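Architecture and fold: a report
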Amino acid sequence: MSNYTKQDIIRLAEEEDVEFIRLQFTDMLGMFKNVAITKSQLEKALDNRCMFDASSIEGFVRMEESDMYLYPDFDTFAIFPWRPQQGKVARVICDVYRPDRTPFEGDPRYILKRAVAGAAELGYRLDVGPECEFFLFHTDEDGTPTTISHERAGFFDLGPVDLGENARRDMVLTLEDMGFEIESSHHEAAPAQHRIDFKYDEALATADNIMTFKLAVKTIAKRFGLFASFMPKPKYGINGSGMHLNISISKDGRNIFADAADKRGLSREAYYFIGGLMKHMRGMTAVTNPLVNSYKRLVPGFEAPIHIAWSESHRRPLIRIPADRGESTRIELRSPDPAANPYLALAVCLSAGIDGIKNEILPPEPVSVSVMDMTEEERKGRQIGTLPAGLDEAVDELEKDPLMREVLGEHIFRKYAKEKRAEWKDYCRQVTGWEIDNYLYKI
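This report concerns the structure included in the present document. (Residues numbered from 1 in each chain as written. Predicted model: local features only at pLDDT ≥ 70, side-chain atom pairs only at ≥ 80, totals over all residues. Heavy atoms only, no water.)

**Observations regarding the pairing of strand S4 (residues 67-72)**
The following threshold applies: Exposure classes here rest on a 1.4 Å probe applied to the protein chains alone. A residue is buried below 20% of its type maximum, exposed above 50%, and partly exposed in between. Helical segments are the DSSP runs of H or I of at least four residues, strand segments are the runs of E of at least two, and each set is numbered from the N terminus. Being paired, for any two strands, means DSSP has found at least two bridges between them.
Burial of S4 is extensive: 5 of the 6 residues sit out of reach of the surface. Sheet topology note: the strand S3 (residues 50-53)/S4 ladder contains 4 bridges and is antiparallel. Bridged to Cys 50 within S4 is Leu 70. As defined by bridge partners, S4 adjoins strand S6 (residues 88-97) across 4 bridges and the pair is classed as antiparallel. Bridge pairing links Tyr 71 to Asp 95 in S6.

**What to know about the pattern of salt bridges**
Quick reminder of the rule: Any Lys or Arg side-chain nitrogen found within 4 Å of a carboxyl oxygen on Asp or Glu counts as a salt bridge.
As enumerated under the stated definition, the model contains 35 salt bridges in all. The shortest N-O distance in the salt bridge between Asp 127 and Arg 125 comes to 2.8 Å. In this structure, Asp 201 engages Arg 125 in a salt bridge whose closest nitrogen and oxygen atoms are separated by 3.7 Å. Separated by 76 residues along the polypeptide, Asp 201 in strand S10 (residues 201-202) and Arg 125 in strand S7 (residues 125-138) bring together distant segments of the chain.

**Focus: the packing of helix H6 (residues 268-288) against helix H10 (residues 391-400)**
Our working rule: Note on method: axes are straight lines fitted to C-alpha atoms, helices fitted across the in-contact stretch only, with angles between N-to-C directions ranging 0 to 180 degrees. Our angle categories are set so that under 35 degrees counts as roughly parallel, over 145 as roughly antiparallel, 65 to 115 as roughly perpendicular, and the remainder as oblique. Here a crossing is called left-handed whenever its near helix is offset anticlockwise from the far helix by less than a right angle, and right-handed whenever the offset is clockwise. In what follows, a contact means two residues having at least one pair of non-hydrogen atoms within 4.5 Å. Asp, Glu, Lys and Arg are counted as charged, while Ala, Val, Leu, Ile, Met, Phe, Trp, Tyr, Cys and Pro are counted as nonpolar; the rest, among them Gly, fall into the polar class.
Where H6 meets H10, the closest approach of the two axes is 7 Å, and the angle between their N-to-C directions is 120 degrees. The orientation of H6 relative to H10 falls into the category oblique. As for the relative orientation of H6 and H10, their crossing is left-handed in sense. Of H10, the residues touching H6 (which contributes Arg 282, Gly 283, Thr 285, Ala 286 and Val 287) are Glu 393, Ala 394, Val 395, Glu 397 and Leu 398. Of the residues contributing to the contact of H6 with H10, the split by class is 5 nonpolar, 2 polar and 3 charged.

**Description of the packing of aromatic side chains**
The geometry of an aromatic ring pair is captured by two quantities: the separation of the ring centres and the angle between the planes. So the rule is basically this: Aromatic pairs are defined between Phe, Tyr and Trp rings, using the six-membered ring for Trp, whenever the two ring centres lie within 6.5 Å; interplanar angles under 30 degrees are classed as stacked, those over 60 as edge-to-face, and all others as tilted.
All chains considered together, the criterion is met by 15 aromatic pairs. Where Phe 134 meets Phe 230, the ring centres are 5.6 Å apart and the plane angle is 45 degrees; that geometry is what we call tilted. Taken together, the positions of Phe 134 in strand S7 and Phe 230 in the loop between strand S11 (226-229) and strand S12 (243-251) put the pair 96 residues apart, joining distant regions of the chain. You'll find Phe 134 and Phe 230 in the same group, each marked buried. Considering the side-chain rings of Trp 424 and Tyr 427, the 5.6 Å spacing of their centres and the 45 degrees angle between planes classify their relative orientation as tilted. With Trp 424 and Tyr 427 both in helix H11 (residues 402-429), this residue pair falls 3 residues apart, about one helical turn. The class of Trp 424 is partly exposed, set by a relative accessible area of 23%. The class for Tyr 427 is partly exposed, based on a relative accessible area of 29%.

This is the structure:
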């Protein structure tokens, strides 16, 4: 991330012939929003004087208290490589403030900043590396997304079998133009499924990067006549898309999850962090897996986890410890999916882990075999619970967990639970194709 000043941005906009600037922010459900301004209004925006109507933004405020201000984060300034080279378009990610110049408690970015600040008071820096998976599907003659793909490639296949290889290549180059350090990219397990990994960063920067990543991937896919979908489970019978989170904590520049004297190379803080995640896992699943569709991915028979267990050797549990040790020691949480609002998801995950450290919550013993191969009695004996089976159950668990209310704040906690309850009820009223196929001709 760059360290820009106000004058740096004004100078760059002039030198690079930037004509439009998008003031971007994120709503409660993780959707990017923006107010576009011309270069003539840039200085005003950088002075935090750009007002917008927040009453129509999901999870924000009522009509009678709708005026809000956008405060640009100078370090997020970037020029879009895919826009015209004359009269370029840039963006800057913003925080949302009330008219009295206090942070708006319904701004997801503020929720994560508050969680990060709380950890910083303990001397902790939180770093996160996401693994974002997505599908590339065809669009129809009207440009409407479909779930159709002609390819049949699998893990690590390459062209010409991997029909999305050229699009993925341009996505990587575009992201690098925007300052990302891309570590790898490859075809994933399901046909038309892809993954691009970028380097870990501090938690807030990572959440910003996830939002930018999704925008860039969708934009480049469209250039190839494709639609990039981050829907967790767009097709029956194949793997869904996850967003695994690789988490580490440093203090005084040292990774505190590492301990060479431990038989697993893990510190007490690492064990406690795992314990905190496991304690709060059911409560935070409505945030890390926010859609009705998210729970179509969290089912037996595929790679996504359904049991609350951890392992240092087996790849499929909810939490695993990758083989790297020393300064690369990290915890991989495998349940989140890319539909999650990254600001809220990182806030609840990191706060759960910090709660584990504060209260010295030790996890159960790790598993070394597939949890699915255990009997129900064996799982109970080892204190292995399950993730919520659906969005309704997940919201029930969210509302039971006091830490989730504390982390999200009363404003988002209430509005989020209400929105997700309504989503579940609407889903339950639908008549699906499966029901027609299985019941119509019989009854």
